[in-house]
Each structure stands twice: as C-alpha cells, then as structure tokens.
Amino acid sequence: MGASFIHTPTLFFLWFSMAAALVQGQGTRVGFYSRTCPLAESIVQKTVQSHFQSNPAIAPGLLRMHFHDCFVRGCDASILINGTSTEKTTVANSLINGYDVIDDAKTQLEAACPGVVSCADILALAARDSVVLTKGLMWKVPTGRRDGRVSLASDVNNLPSPRDSIEAQKQKFADKGLTDQDLVTLVGGHTIGTSACQFFRYRLYNFSTTTVNGADPSMDATFVTQLQALCPADGDGSRRIALDTGSSNTFDASFFTNLKNGRGVLESDQKLWTDASTKTFVQRFLGVRGLLGLNFNVEFGRSMVKMSNIGVNTGTEGEIRRVCTAIN
C-alpha cells in the first residue's frame, strides 16, 4: 500500500497528460497536418493566390463561403456538396465566387497527400488566405476538421439574413457560441464583400413615406441616389455591388466608417450603427474618444478562429472526402 501511495502522483500525472492529449486530439489545432501533409497550407495558399490574380472576386467569395458553411451544420464543408437540393443550390449560396478554387486545391492535395486533408480545412485556410491577399492580417488557423455527409437546402434558412433585426442577428450568433462583439467583427468582413441588388433593392424604393425618394431614412440621401443608379427598380437583381464603397478591395475598418455615415448597403449592416447595443463596438473599431479602442484586423482573426470551430467533426466523426463536391 505504501508503494502504491508513493507512485500515485506519478500515475496521476501520466493519466492527466494522456487525458489532455486525448482531448486535444478530439479538437482542431494549429499544425494538424505538419507530419501527415506538411505542404498542405502552402498548397492552399498558392492556389488561392493564383486564382485571386485572375479574379479578385474570389476573396470575398471564399470568406463568405466559409461563414455560410459554419452557420449551417457547423464547419463541415457541407456547402460544397453538389445535388438537387443541397446548400449550394440556394440563392444565398449559388451566387458565391470561389467554388472552383476549393476544387482546385483539393485536386492538388489529393495528389500530394491522398485522403488526408479535409475540404472543411481547405475552406478555413482559403478564407484566411483571402483576407491576407486583400491586405488583412495573418492569423493561425487551427485544422483537423473532418467533412460532413449531409447538405440540405432547407438548413440555409437559418443563416443570418440582410433583413434581420439586431436581436435576431445577436440570437443567431449566440446560438453558435459567438458574442455581440464577434457579430460586429465578423460582419466587418463585408469590407471586401459584395451583395446582389436583389438583397437590398427594397431599401431604395417605397421603403418609407418619410423620405422624398421613398428610401430607407437611415441611409445617406446621396448614397441612395448612387445605389438607385446601380440597381434600378426593374434592373438585374443579380448585379453585385460592393458593401464597402471606396475601399472594397482592402481589408480594413472603413466599412464601419460607412455605417457611421449612413452608407451601409445591407439593412442588417446599417443596424449595427443605429442599435445602441452594437454601435459601441463599431465606435471602438473607429477609435472614438472615450472608448477602449479595438484593432479590427486583430479582432477579426480571433473571431474567425472561434467561428471556424463551430460544430466541427473531428477524430472519427464525418469523413475526408475524396472530392469536395460529393460524399465518399
């Protein structure tokens, strides 16, 4: 009994170490492919860069794709699956740029390391690389996700919507374990984003009886005129408009300046400024005197890491798809 007591601390330490390692193995971690596919992150980065050079629109597309993937069934690459009623077929996802980038990266990774790198991880890495290519800050992406086997168009109804109230937006983010600050920060990704006219045109015509032109009174009048020229009432609803006018190709905090000036394109975006509970975070990103400042680029990386771990499959869950557009 005395001998057992002497060794108990050592045994406890070994048990604790093994338990800690097991828990880490069940989650994502930075450098997950360092031994099994050491060139994985480099291959994704170079693929994104190559496509970006010929089509810069893939940057906001890949960022949006990752966001839409994580908010539906978690970050499991279910958005990439082809089919008659999959997530990809919905209006919210069918207009996204960059699906071919993920397919290209997957083809190269399967040639280098067959059956090792998940489509979900490719998407998470590509989103980060897109931000860096548009002059945002680098952050380390935890990897180790596995791919899901289900993709349903009906699930996309749960995505945050351009017409959502602040309370609805806050609830949808809270349901995913994200804070009000994460909400404002991640929506700031619209600094390189675009939207189709069909998602905000209602704000420009017959929205209000209190304005001369019938537009949303929270919008700057000059900006309304500019948007009406780009999105006529009977024009092409799929035409894409920058969500950060004046700085749409640079990942910076100018998006928040636009909200302050009534130049938010989406109603849900503009509400971040008009609602007191989120306005404070916008002001902190803008460096308003008297408030503790926040560095948008730094906070964006932190919030992206949190978002990228929503409902992930790890360990033996899910699968590693051979092609990203179909389950094995």
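All values derive from a computational prediction rather than experimental measurement.

Enquirer: Can you help me understand the side chain of Gln169 in this one?
Expert: Note on placement: Gln169 falls in helix 7 (residues 166-174). Non-local contacts of Gln169, meaning those with residues more than four positions away in its chain, are made with Asp164, Leu183, Ser268 and Leu272.

Enquirer: How should helix 11 (residues 267-274) be read in this particular structure?
Expert: Three- or four-residue spacings in an α-helix give side chains the same orientation, since the helix completes a turn every 3.6 residues. In terms of burial, helix 11 is largely enclosed, as six of its eight residues are buried. Buried residues of helix 11: Glu267, Ser268, Asp269, Gln270, Leu272 and Trp273, and no others.

Enquirer: Can you walk me through the UniProt feature "binding site: Ca(2+) 1" (unreviewed entry) in the protein chain in this structure?
Expert: Under the local residue numbering, the UniProt record ascribes the feature "binding site: Ca(2+) 1" (unreviewed entry) to Asp69, Val72, Gly74, Asp76, Ser78 and Glu87. The greatest C-alpha distance among the residues just named is 12.7 Å, despite their covering 19 residues of sequence, which places them together in space. The class of Val72 is buried, set by a relative accessible area of 2%. Sequence-distant contacts of Val72, defined by excluding residues within four places in its chain, comprise Ser78, Glu87, Asp155, Val156 and Leu159. With respect to the helices, strands and loops of the structure, Glu87 is situated in the loop between helix 3 (58-70) and helix 4 (91-94). By relative accessible area, which is 0% here, Glu87 ends up buried. Excluding residues that lie within four positions of it along the chain, Glu87 makes contacts with Val72, Arg73, Ser78, Ile79, Asn93, Val150, Ser151, Leu152, Ala153 and Val156.

Enquirer: Mind showing me how you'd approach the pattern of salt bridges here?
Expert: Any two side chains of opposite charge can pair, so long as their charged atoms come close to each other. Applying the stated criterion to the full structure yields 14 salt bridges. Two residues, Arg145 and Asp121, come together in a salt bridge whose shortest N-O distance is 2.6 Å. Residue Arg145 is located in the loop between helix 6 (119-133) and helix 7, and its partner Asp121 is located in helix 6; the two are separated by 24 residues in the primary sequence. Looking at Arg145, the relative accessible area reads 0%, which means it is buried. Between Asp164 and Lys172 there is a salt bridge, and its shortest N-O distance comes to 2.8 Å. Connected through shared salt-bridge partners, Glu41, Arg128 and Asp129 make up one network.

Enquirer: Would you take a moment to explain empty space enclosed by the protein for this structure?
Expert: It is a probe the size of a water molecule, rolled over the atoms, that shows where empty space is left. One pass over the full model with this rule turns up one cavity of 30 Å³ or more. Its volume calculated, the largest cavity comes out at about 40 Å³. Along the walls of the largest cavity sit His66, Ala124, Arg128, Trp139, Val141, Pro142, Met304, Val305 and Ser308, which together make up its complete lining. Residue assignment for the lining of the largest cavity shows that the elements contributing at least two residues are helix 6 and helix 13 (296-307). Class assignment of the residues belonging to the lining of the largest cavity gives a composition of six nonpolar, two polar and one charged.

Enquirer: Mind showing me how you'd approach the nonpolar core here?
Expert: Grouped together as the largest cluster of nonpolar side chains are 66 residues, with contacts concentrated most on Met65, Leu80, Ile102, Phe300 and Met307. The greatest single-element share of this core, amounting to nine residues, is contributed by helix 6. Apart from residues no more than four positions distant in its own chain, Phe300 is found in contact with Leu63, Val131, Trp139, Thr185, Leu186, Gly189 and Phe251. Ala215, Cys231, Ile241 and Leu266 belong to the second largest nonpolar core, which has 13 residues in total.

Enquirer: Quick question: what am I supposed to make of the packing of helix 8 (residues 180-187) against helix 12 (residues 276-286) here?
Expert: When two helices pack together, you describe them by how their axes are tilted relative to each other and by the distance separating the axes. Taken N-terminus to C-terminus, the directions of helix 8 and helix 12 make an angle of 55 degrees; their axes are 9 Å apart at the nearest point. On the basis of the axis angle, helix 8 is oblique to helix 12. Handedness of the helix 8/helix 12 crossing: right-handed. In contact with Asp180, Gln181, Leu183, Val184 and Thr185 of helix 8, helix 12 contributes Thr278, Phe281, Val282, Arg284 and Phe285. Across the contact of helix 8 with helix 12, the residue classes break down as five nonpolar, three polar and two charged.

Enquirer: Help me understand the state of the cysteines, please; the structure alone is not making it clear to me.
Expert: In a disulfide, the sulfur atoms of two cysteines are held together by a covalent bond. A full pass over the atoms with the stated rule returns four disulfides. A sulfur-sulfur distance of 2.0 Å marks the disulfide that ties Cys70 to Cys75. Looking along the S-S bond of the Cys70-Cys75 disulfide, the torsion reads about 120 degrees, which is the right-handed sense. A relative accessible area of 0% means that Cys70 is categorised as buried. The connectivity of the disulfide bonds within the protein chain can be written as 1-4, 2-3, 5-8, 6-7, using the sequence rank of each bonded cysteine.

Enquirer: Please explain the layout of surface pockets as it appears in this structure.
Expert: Taken as a whole, the largest pocket holds about 880 Å³ of empty space. Along its surface, the largest pocket is lined by 46 residues, and Arg64, His68, His190, Thr194 and Leu243 are the ones closest to its centre. Counting residues per element, the ones that place at least two in the lining of the largest pocket are helix 3, helix 4, helix 7, helix 8, strand 1 (194-196), strand 2 (240-242), helix 11 and helix 13. Here the lining of the largest pocket gets seven residues from one element, more than from any other, and that element is helix 3. Broken down by class, the residue content of the lining of the largest pocket amounts to 28 nonpolar, 14 polar and four charged.

Rules behind the numbers
Residues numbered from 1 in each chain as written. Predicted model: local features only at pLDDT ≥ 70, side-chain atom pairs only at ≥ 80, totals over all residues. Heavy atoms only, no water. Helix = DSSP H or I, 4+ residues; strand = E, 2+ residues; numbered from the N terminus. Contact = heavy atoms within 4.5 Å. Buried < 20%, exposed > 50% of the residue type's maximum accessible area, 1.4 Å probe, protein only. UniProt positions renumbered as here; feature names shortened; annotations may be inferred. Salt bridge = Lys/Arg side-chain N within 4 Å of Asp/Glu carboxyl O. 1 Å grid on protein atoms, 1.4 Å probe; cavity = no way out; pocket = protein on both sides within 12 Å on 5 of 7 lines; lining within 4 Å. Points joined across faces, edges and corners; volume = space filled by probe spheres on them. Nonpolar A, V, L, I, M, F, W, Y, C, P; charged D, E, K, R; others polar. Core = buried A, V, L, I, M, F, W, Y, C linked by side-chain atoms within 4.5 Å. Axes fitted to C-alpha atoms, helices over the stretch in contact; angles between N-to-C directions. Parallel < 35°, antiparallel > 145°, perpendicular 65-115°, else oblique. Left-handed = near helix turned anticlockwise from the far one by under 90°. Disulfide = S-S within 2.5 Å.

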